[in-house]
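# Inside the fold
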Amino acid sequence: MTATDRTDVSSPPRAAIRARHLRTDAWRRGPILTVVGITVWVAYATFRVFYQGDYWVADYHYLTPFYSPCISEGCVPESAHFGRFLPDHPLLPYAALSLPFLLAFRFTCYYYRKAYYRSFWLSPPACAVPDGHARYTGETRFPLIGQNLHRYFFYIAALIALVNTYDAILAFHSPEGFGFGLGNVVLVANVVLLWCYTLGCHSCRHVMGGRLKHFSKHPFRYRLWTLSSALNARHMMWAWITLASLALADAYVMAVAAGWFDDPRFIN
Amino acid sequence: MSARTFRVWRGDAEGGDFAEFDVEVNEGEVVLDVVHRIQAEQAPDLAVRWNCKAGKCGSCSAEVNGRPRLMCMTRMNVFEEDEPVTITPLRTFPVVRDLVTDVSFNYEKSRRMPAFAPPKDLRPGEYRMQQVDVERSQEFRKCIECFLCQNTCHVVRDHDENKPEFAGPRLFIRAAELDMHPLDARSDRREWAQDDQGLGYCNITKCCSDVCPENIKITDNAIIPMKERVAGERYDPLVWLGRKIFRKDKAPKSE
Amino acid sequence: MSDNTINDVEHLACDVLVIGAGGAGLRAAVEARLAGKSVIVISKSLFGKAHTVMAEGGAAAAMGNANANDNWQVHFRDTMRGGKFLNNYRMAELHAQEAPARIWELETYGALFDRTADGRISQRNFGGHEYPRLAHVGDRTGLELIRTLQQKLVSLQQDDEAAGEPESKLQVIDETTITELFTDGGAVKGAFGYRRSTGRFMAIAAPAIVLATGGIGRSFKVTSNSWEYTGDGHALALRAGARLINMEFIQFHPTGMVWPPSVRGILVTESVRGDGGVLKNANGERFMFDYIPEVFKAQYADNPEEADRWYTDPDANRRPPELLPRDEVARAINSEVKAGRGTEHGGVYLDIASRRSADYIKSRLPSMHHQFKELADVDITAAPMEVGPTCHYIMGGIEVEADTAASAVPGLYAAGEVSGGMHGSNRLGGNSLSDLLVFGKRAGEYAAAHAAAAEPPKLADEEIETAIQNALRPFGNDGENPYELQNALQAVNGRLVGIIRKADELEEALTELAALRPRIENVTAVGGRAYNPGWHLALDLRNMYLCSVTTAMAALERDESRGGHTREDAPGMNPEWRKTNLVVSLEEGAGEVRLTRQPVPQMPPELLDLFDPTELSKYMTPEEYRRDSPAGTPSAGTGPADTDSTEAEEA
């Protein structure tokens, strides 16, 4: 968070206006809320990822998304639907295969970029409020040119969302066989919201049909593009809701796994 | 009817300062009405650019209480009764006088933009385009060239040195419009956007979309799709891999 | 004025000088440049802001995309009917014939009109047009037009650059006002003006000049026109020796906004009615059925049921009366309000909310939806709009030769609203965008040809010096503030030369205008020359004054009611007056306005044959349309000419 006094906005031949900005509204609110929200979430996620416990409810097969797919040799065998091949180490998250990509998917997401460029990097903090930096090259060079890999991370994130969906389906389980409890509602809701975020991603919108020049020649892809666009219009909302739903789903599984309370069951 | 205090920046490239005017405001008026009243009654030489007074021409761009806006579309009732209203010229462009700025930057950038390339095999009257195919470009053609997006974009607003490299949101939507035009015959729009317009400078902080009086979704519908189209040709690993495997020299045509 | 260069006059030269950067000016510039001439375009405001952007509904062209029965003959017929047969028939003919090509051409420049299901240009219904005919883009067609032409100019500049041509081959000089035209031996040779940004003067030598400056609406208080519309081209042409015709015909658009006061006059597009909107008075009555004039009874429905069926089945039903030509609708609204059936703010209701779905309204009329939401806090998908007549367009203007757009002054051409004759006494909606394309092109073409045959003119220092003195005069005066004088002028016109006129009021107007003259001559500007709107207005005032006088004089002379000229003391059309144009010119020396009468060009038989004689009989004297009469050459029997009826319409 560096700041500079050098502001082209205020010196001739532009109008020589002493105030760096003249906004009278509460423009600081947005960036502050973003910083608080993201910081709290990252702190919680970091704690949980390295906690390496209370991620699996054996009776009901609830697996938290933070540990999916669970591929470490430290994973409870039943929770590892895709094998255990990663060495068990305290600094190696159990879902080390998926988490970096999920992080990268969100880091390069067009909405999050806006959010952290504005709030953490102050570039700019708000519209018509001067940039906190003297120099600016945007995403034209390394490392930020890497933001263009968003599509790659989208492809992987879509695969991981499939894994999460698989987890959520397997979780309709009880010692008697089929089972259905509040945890299922939480996990399914989380998965649905994750899909809303993932399929509404700008890259997805491009892949579905945005890249076409003639929609009229591809009516099915045009439909897909329309659906993706509808989700995309609320991309920011899905971005925040899924942060919350991920943390909530994880916390729920943790609470049940740790035995802090019992999962209310509707069937078995 | 009520009396209000207006602070209007007056001056030119040599310097200037705020002038205060106490002025009457009537029901239903917009900021431009009040500026006109100041002009008619107190300062006949107050420089202000305007034309249609209906949000269709995009001439009366200024910054009202620090926010880039069209003065003709800023109703007085959005301000508190006792709130002074501060008006300055656009801050990204050289000032001419008072509220008028030299916006030639934008016209120079337009001059560099390769024009629509008509298809060679179609004569006038033979163009056939489907509504769904023209709709995306039509959104960008709603642009009234008020240049509020160009003014608010921090890439040039806060970094004058980027002006040679960066064309700005108004020209990005033009690039997108042509790249999405069903009959445009050029195939180098993306390269041009990335290499000549400086699309990579945009960090999609969306202030252009926020200030657009036509509510054009500049970032979501033009800049990001253009970035994605560029990525598709330059940065997508799958496309890259596909090219390697199938030994195609060119990216799959977007068709 | 710290800058020394401010006092140096900037000298420029070109083959074709285009004054005005709206649709007509830009189209002329394109044509002249394509003809290989060097062109300078003078824009009073920024490039691309011209008044053309305000045109909403569309550009009329008989492409026949929406209804295959449409063709140029039908369009010609509608145009003549709309103009009450006072039009220059040749202009109307060329316009109807060439409009489709001009529209299609725009697509090759990059325009994106709304489409039909089979991918052609969609066409919408509009007042006075028999078939859906207006090529459009939502309700922002004018913007599309200006942007397309603007971009075409840029592409020509790029072509020049690529071909190694100097930039001066096609220049747009923005924020510049022309105050004088220079003539030599009766022909134009250049122009003089100032750049707004610095106040620096400019003299441009050019053997051919195209005037495309638009209209005069700013002389009225309630107007849809912007500050630029001060009749500059009309006045420049008069002073250069050209003639103006039909200056009494001013179109009041029936639907301008009436509330809040600050937006009074801003246009509400006719498309609202074309797309299903209806007019209602304060009692909720759809009153237009009571105002269908005799001449239009055959084409307009007299009951709501038939009118409503027309939207889906236009071939079997007559049109809703809301779509009568603009003058009829404006007068009807005026009458309703006068009879005490107006709304609270002195208008009537335009209701589309109760007739169309919110989605339909938003997709067809996006900018109206936006405009009412932002400016009046009214959601037009839920509530009716309040509307009333607003000064919109002047049919009159520079008298030009139909084919060449040439005025009486050699080298001086005019196109678009500043020219006269094309629209007769009333313009149909949608005909102005096509007018400016058709005649903009022609003006550019013929101006280029004229320039090719002319010697490069020379401007004399003395005439430039005189022009400088004239332009600087307001700084030395000790009179009134230009804004007060503009208000005074607008008040006279609005009160006495408005939508309904009377002889004694027009006489009063002329007296009041005469009293304003010395005040306007003594108008005072304060401050410096750089971007000084007070000074700009002071210079524009004399043009507004001159146009106001010509309108009032012509309106007093024409004691009948026709199209955009309604005389309460002389109701109804008089076939004798149909044969007469009123022409104004300036007397040599004293500069007094002189008014003369001149016959309207007579339609040749093949065009007369396009009309039913019964219809012609409502406008013309029998000898004009009767096949057996000596006036018209008999043509091979196409239908009977058996009516002797000469009854004039009682409006």
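Residues numbered from 1 in each chain as written. Chains lettered and ligands numbered in written order. Predicted model: local features only at pLDDT ≥ 70, side-chain atom pairs only at ≥ 80, totals over all residues.

## Regarding the domain arrangement of chain B
All names here are of chain B. Taken as a whole, chain B is organised into domain 1 (2–100) and domain 2 (104–246). Each of domain 1 and domain 2 was reduced to a C-alpha centroid, and the two centroids are 31 Å apart. Every contact between the two is made by 12 residues of domain 1 and, on the other side, 13 residues of domain 2. (Domains from an automatic or database assignment. Contact = placed C-beta atoms within 7 Å.)

## Considering the arrangement of the chains
Sorting the 2 pairs of chains in contact by contact count puts chains A and B at the top. For chain A and chain C, which are not in contact, the least C-alpha distance works out to 10 Å.

## Brief notes about the interface of chain B and chain C
Across the boundary between the two partners, chain B contributes 45 residues, which contact 49 residues of chain C. For the side of chain B that touches chain C, the secondary-structure elements that each account for two or more residues are helix H1 (31–41), strand E6 (95–97), helix H2 (104–112) and helix H3 (131–141) of chain B. Grouping the amino acids of the side of chain B that touches chain C by side-chain chemistry returns 20 nonpolar, 12 polar and 13 charged. (Helix = DSSP H or I, 4+ residues; strand = E, 2+ residues; numbered from the N terminus. Nonpolar A, V, L, I, M, F, W, Y, C, P; charged D, E, K, R; others polar.)

## Side note on the domain arrangement of chain C
All names here are of chain C. Domain boundaries in chain C define domain 1 (251–390), domain 2 (481–599) and domain 3 (607–651). Put simply, the middle of domain 1 and the middle of domain 2, counted by C-alpha atoms, are 30 Å apart. In this complex, domain 1 contributes 7 residues to the contact, which on the side of domain 2 involves 5 residues. When contributions to the side of domain 1 that touches domain 2 are tallied by element, the ones reaching two or more residues are strand E13 (250–257) and helix H8 (326–341). The dominant element in the side of domain 1 that touches domain 2, judged by the number of residues it contributes, is H8, at 4 residues.

## A few points about the confidence of the model for chain C
Residue and element names in this part refer to chain C. Chain-level statistics for chain C give a pLDDT mean of 92 and a share of 95% at 70 or above. Confidence drops under pLDDT 50 across residues 629–651; counting only partners more than four residues distant or on other chains, this segment forms 48 contacts. The ipTM, which scores confidence in the relative placement of chains, is 0.93 for this predicted complex, and the corresponding pTM is 0.92. (pLDDT = per-residue confidence, 0-100.)

## Section: the nonpolar core
In terms of nonpolar packing, the biggest core is built from 296 residues, with Val16, Ile209, Val210, Leu211 and Tyr413 of chain C touching the most fellow members. Here this core gets 15 residues from one element, more than from any other, and that element is helix H15 (residues 533–557) of chain C. For Val210 of chain C, the residues in contact, after removing those within four places along its chain, are Val16, Val18, Ile19, Gly25, Ala28, Tyr413, Ala415, Ala443, Gly444 and Ala447 of chain C. Trp56, Cys70, Val191 and Trp238 of chain A belong to the second largest nonpolar core, which has 29 residues in total. (Core = buried A, V, L, I, M, F, W, Y, C linked by C-beta atoms within 7 Å. Buried ≥ 20, exposed ≤ 12 C-beta atoms within 10 Å, placed from the backbone.)

## Observations concerning the sheet that holds strand E16 (residues 385–394) of chain C
Strand pairing in a sheet is mediated by backbone hydrogen bonds. Such pairs are either parallel or antiparallel. Residues and elements named next belong to chain C. Read from one edge of the open sheet, 4 strands run E13-E16-E15-E14, paired in antiparallel fashion. Edge strands, defined here as strands with exactly one partner in the open sheet, are E13 and strand E14 (278–280). Ignoring which end each strand starts from, the neighbouring axes of this sheet average 45 degrees apart. Sheet topology note: the E14/strand E15 (residues 348–351) ladder contains 3 bridges and is antiparallel. Pairing of Val278 across the sheet is with Asp351, part of E15. (Pairing = 2+ DSSP bridges. Axes fitted to C-alpha atoms, helices over the stretch in contact; angles between N-to-C directions.)

## What about the interface of chain B and chain A?
With 54 residues of chain B in contact, the opposing surface of chain A contributes 47 residues. Per-element accounting of the side of chain B that touches chain A gives the leading share, 7 residues, to helix H9 (residues 218–234) of chain B. Here the residues of the side of chain B that touches chain A sort into 22 nonpolar, 17 polar and 15 charged.

## Observations concerning the pairing of strand E21 (residues 593–599) of chain C
Side-chain direction in a regular strand flips from residue to residue, so the side chains alternate between the two faces of the sheet. All names here are of chain C. For strand E20 (residues 580–586) and E21, the ladder comprises 7 bridges, and the chain directions are antiparallel. Bridge pairing links Asn581 to Gln598 in E21. Here E20 folds back onto E21 in antiparallel fashion, the turn holding 6 residues, of which Gly589 has a positive phi close to 80 degrees.

## A short note on unusual backbone geometry
With an omega dihedral of -10 degrees, the bond running from Ser68 of chain A to Pro69 of chain A counts as a cis peptide bond. Of note, Pro69 of chain A is situated in the loop between strand E2 (62–63) and helix H2 (99–107). Residue Pro260 of chain C is bonded to the preceding Trp259 of chain C through a cis peptide linkage, with omega at -5 degrees. With respect to the element layout, Pro260 of chain C can be found in the loop between E13 and helix H6 (271–274). With a phi close to 55 degrees, Asn215 of chain B is a non-glycine residue in the positive phi region. Structurally, Asn215 of chain B can be placed in the loop between helix H8 (207–211) and H9. The phi dihedral of Asp377 of chain C is positive, around 60 degrees, even though this residue is not glycine. On the basis of neighbour count, Asp377 of chain C is assigned to the exposed category, with 12 C-beta atoms found within 10 Å.

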